[in-house]
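# Residue-level structural notes
Spelled out, the chains give:
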Amino acid sequence: MKLKIAVLAGDGIGPEVTREAIQILKAVAEFGGHDFTFTEALLGGVAITAEGTPIPKATIATCLDSDAVLLGAVGDNKFNHLTPDKRPEAGLLQIRQELGGFANLRPCLAFNALSENSPLRPEVTKDVDILFVRELLGGLYFGQPRWWNKETGEAINTMRYTKAEVVRVARIAFELAQKRRKKLTQVDKANVLECSQLWRATVDELKSDYPDVTVEHQLVDSMAIHLMNTPRHFDVVLTENLFGDILSDESGVITGSLGMLPSATIGGKVNLYEPVHGSAPDIAGTGKANPLGAILTAAMVLRHSAKLEDAALAVEAAVAEVLAAGHRTADIARGNAAATVTTKQMGKLVHEALAQSLDREQSLHGV
Ligand code: NAD
């Protein structure tokens, strides 16, 4: 299989963790005989330094000419004096808009070896595997009118959705549920909001197209509680922009560290893959960055763009194996700093575990 991947490593720890993610994708390509090409382009602070803009035109062209975009992180304190539209983060917002993805996928995968890292009890977080599908281009964050009149002391934001906007993201969630444990939880506030009533009715209308998927509705306030009490109950969680933002962040409590979380934004012209964390300027260049969020993001590239589900599972299993063997970067070390590994060492360990499992698979096929 052929895949053209645009790489926007960005700032701070972005290049450090992206390098490890690329090594993993290269290993999968080599073992599987796939043709993955990587084209680097500038985004964020590095682009401001080199070209005077956080998002050069060439970067947009490279991304639109690719099958997938792999982003590290952007943000550099040395540009804090600039106005928001000129800062590194402006590049991030614009590339998301240019690519046009409307379904933000945020997996919440609890690695049992890290159960001590969550404030929740291990028996609560054990084997949690939730996929949040958050609508990304509508709702309160984009609805008009929006303003703040400081003289009258009044502000307004508008939550607005069309049925078509709900249908397109709901279909993605149904299809993903079909490939998983076939359960879809739609989250809303239908007891109060008309927008939520539209979401609920639309999802109910679509149900008959996916008879193998069980659908349930949850009010967002009770969902916030259920997520902490019984997270294993959930498979795919579909929700609108604001609720998805809050609930997917809340689910970070289950997995233990920001450095472990991957994401993908799909449905637009080109899929965009990025770890959830930022550029972490406080640890950039120290070798302390956890590359596992970026490596799990690479697994999402394999799953959603390359359609190589087995390879995606193999990467996730390699991460689980390395963690189970006790290897930790500083952010997940829980006080045992002497035993920590660097960004590069962690990348190498996952690479080795993956190579061994792909090797085993190849020899099995050869028998
Ligand atoms: P951050 O995610 O960069 O860091 C928050 C904390 O988590 C820091 O203590 C950091 O050291 C730690 N951390 C983050 N990722 C880690 C990893 N992989 N391994 C180990 N520790 C990790 O968030 P912030 O400090 O609020 O923002 C820093 C910069 O990143 C800002 O300029 C912000 O605008 C930008 N940012 C970018 C993105 C993105 O590119 N998607 C997202 C969030 C923030």
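Let us look at the structure shown here. In this text, all values refer to a predicted model and were calculated from it rather than measured experimentally.

### Points about the overall build of the protein
Helix and strand counts for the protein come out as 13 helices and twelve strands. Taken over the C-alpha trace, the protein has a radius of gyration of 21 Å; the compact-globule value for 367 residues is 21 Å, and the two agree within 12%. By principal-axis analysis of the C-alpha atoms, the protein measures approximately 60 × 50 × 45 Å. Buried positions account for 51% of the 367 residues belonging to the protein. Of the accessible surface of the protein, which amounts to about 16600 Å², a share of 53% is contributed by carbon and sulfur atoms. If you average the places of the 37 positive and of the 45 negative side-chain charges in the protein, the two averages end up 0 Å apart.

### Describing the pattern of salt bridges
Evaluated as defined, the whole model comprises 19 salt bridges. With a shortest N-O distance of 3.1 Å, Asp127 and Lys126 are connected by a salt bridge. In this structure, Asp209 engages Arg171 in a salt bridge whose closest nitrogen and oxygen atoms are separated by 3.1 Å. Within this pair, whereas Asp209 is found in the loop between α7 (194-206) and β9 (214-219), its partner Arg171 is found in helix α6 (residues 163-179), the two being separated by 38 residues in sequence. According to the relative accessible area criterion, Asp209 is partly exposed, its value standing at 44%.

### Looking at the sheet that holds strand β5 (residues 129-135)
Read from one edge of the open sheet, ten strands run β2-β1-β3-β12-β11-β4-β5-β10-β8-β9, paired in mixed fashion. Strand pairing shows two members of the sheet lacking a second neighbour, β2 (35-40) and β9, which therefore form its edges. The mean inter-strand angle of the sheet, taken between neighbouring strand axes irrespective of direction, is 25°. Judged from the four bridges that link them, strand β8 (residues 183-188) and strand β10 (residues 236-239) form a sheet pairing that is parallel. Note on β10: the bridge partner recorded for Val187 is Thr239. Against the sheet, helix α4 (residues 88-99) makes contact with β1 (2-10), β3 (68-73) and β12 (271-273), and its axis sits at roughly 165° relative to β3, the strand it touches most.

### A short note on the layout of surface pockets
Of the volumes computed, that of the largest pocket is approximately 700 Å³. Elements with a contribution of two residues or more to the lining of the largest pocket: β3, α4, β4 (103-109) and α9 (241-250). Broken down by element, the residue count for the lining of the largest pocket peaks at five residues, all from α4. The class makeup of the residues in the lining of the largest pocket is eleven nonpolar, nine polar and seven charged. Put simply, the second largest pocket is a space of about 600 Å³. Taken together, 25 residues make up the lining of the second largest pocket; nearest its centre are Leu131, Arg180, Arg303, His304 and Glu309. At the level of elements, β4, β5, α6, α11 (292-304) and α12 (309-324) are the ones that each hand at least two residues to the lining of the second largest pocket. Tallied by class, the residues present in the lining of the second largest pocket amount to 14 nonpolar, two polar and nine charged.

### A short note on helix α3 (residues 57-64)
Residues of α3 that are buried: Thr59, Ile60 and Cys63. Buried residues in α3, looked at end-on, bunch into an arc of 100°, giving them a common side. Relative to its buried face, α3 has exposed residues pointing more than 90 degrees away, namely Lys57 and Ala58. Against the buried residues of α3 lie β1, β3 and α4.

### Side note on the pairing of β8
For β8, the buried fraction is high: five of the six residues fall into the buried class. As paired elements, β8 and β9 share six bridges and run parallel to each other. Counted as the bridge partner of Gln186 is His217 from β9. Remark: the β8/α7/β9 crossover connection has right-handed handedness.

### Quick word on the site of the ligand
Taken together, the neighbourhood of the ligand is formed by 20 residues, with Glu89, Gly278, Ala280, Asp282 and Asn290 sitting nearest. His277 places a side-chain nitrogen or oxygen 3.4 Å from a nitrogen atom of the ligand. Protein chains bury 69% of the 800 Å² of accessible surface belonging to the ligand in isolation. When the residues that make up the shell around the ligand are grouped by side-chain class, the tally is ten nonpolar, six polar and four charged.

The rules behind the values
- Throughout this description, residue numbers start from 1 for each chain and increase along the sequence as written.
- The predicted nature of this model means local features are confined to residues of pLDDT at least 70 and side-chain atom pairs, given and counted, to a pLDDT of 80 or more, with totals for whole chains, interfaces and linings taken over all residues.
- The basis for every side-chain value is the complete set of non-hydrogen atoms in the structure, without hydrogens or water.
- Secondary structure elements follow DSSP: runs of H or I of four or more residues count as helices, runs of E of two or more count as strands, with numbering from the N terminus.
- As a reference, a globule follows 2.2 Å times the number of residues to the power 0.38, and the radius of gyration itself is taken over C-alpha atoms.
- Using a 1.4 Å probe on the protein chains alone, a residue whose accessible area is under 20% of its type maximum counts as buried, one over 50% counts as exposed, and one in between counts as partly exposed.
- Surface accessibility in these figures is a Shrake-Rupley result with a 1.4 Å probe; residues are shielded only by whichever protein chains are displayed.
- We score Asp and Glu as negative and Lys and Arg as positive, and we do not count His or the chain ends.
- Think of each charge as sitting on NZ of Lys, CZ of Arg, CG of Asp or CD of Glu.
- A pairing counts as a salt bridge when a side-chain nitrogen of Lys or Arg comes within 4 Å of a carboxyl oxygen of Asp or Glu.
- In this analysis, strands are considered paired if DSSP registers two or more bridges between them.
- Axis definition: a line fit to C-alpha positions, over the contact stretch in the case of helices; interaxial angles, taken between N-to-C directions, run 0 to 180 degrees.
- In what follows, a contact means two residues having at least one pair of non-hydrogen atoms within 4.5 Å.
- For cavity detection a 1 Å grid was placed over the protein atoms alone, and a set of points counts as a cavity when a 1.4 Å probe fits there but cannot get out; an open set counts as a pocket when protein lies on both sides within 12 Å along at least five of seven lines, with lining residues being those that have an atom within 4 Å of a point.
- Grid points are joined across faces, edges and corners, and a volume is the space filled by probe spheres set on the points.
- Note that Gly is not counted as nonpolar here; it falls among the polar residues with everything else outside the nonpolar set of Ala, Val, Leu, Ile, Met, Phe, Trp, Tyr, Cys and Pro and the charged set of Asp, Glu, Lys and Arg.
- In this context, the arc is that of the directions from the helix axis out to the C-beta atoms.
- Note on handedness: a crossover is taken as right-handed if, strands pointing away from the viewer, the path from the first strand over the helix to the second is clockwise.
- Nearness is defined per residue: one heavy atom within 4 Å of the molecule or strand is enough.
- Here a polar contact means two N or O atoms within 3.5 Å. Within protein one must be a hydrogen donor candidate and the other an acceptor candidate, and residues neighboring in sequence count only if both atoms are side-chain atoms.

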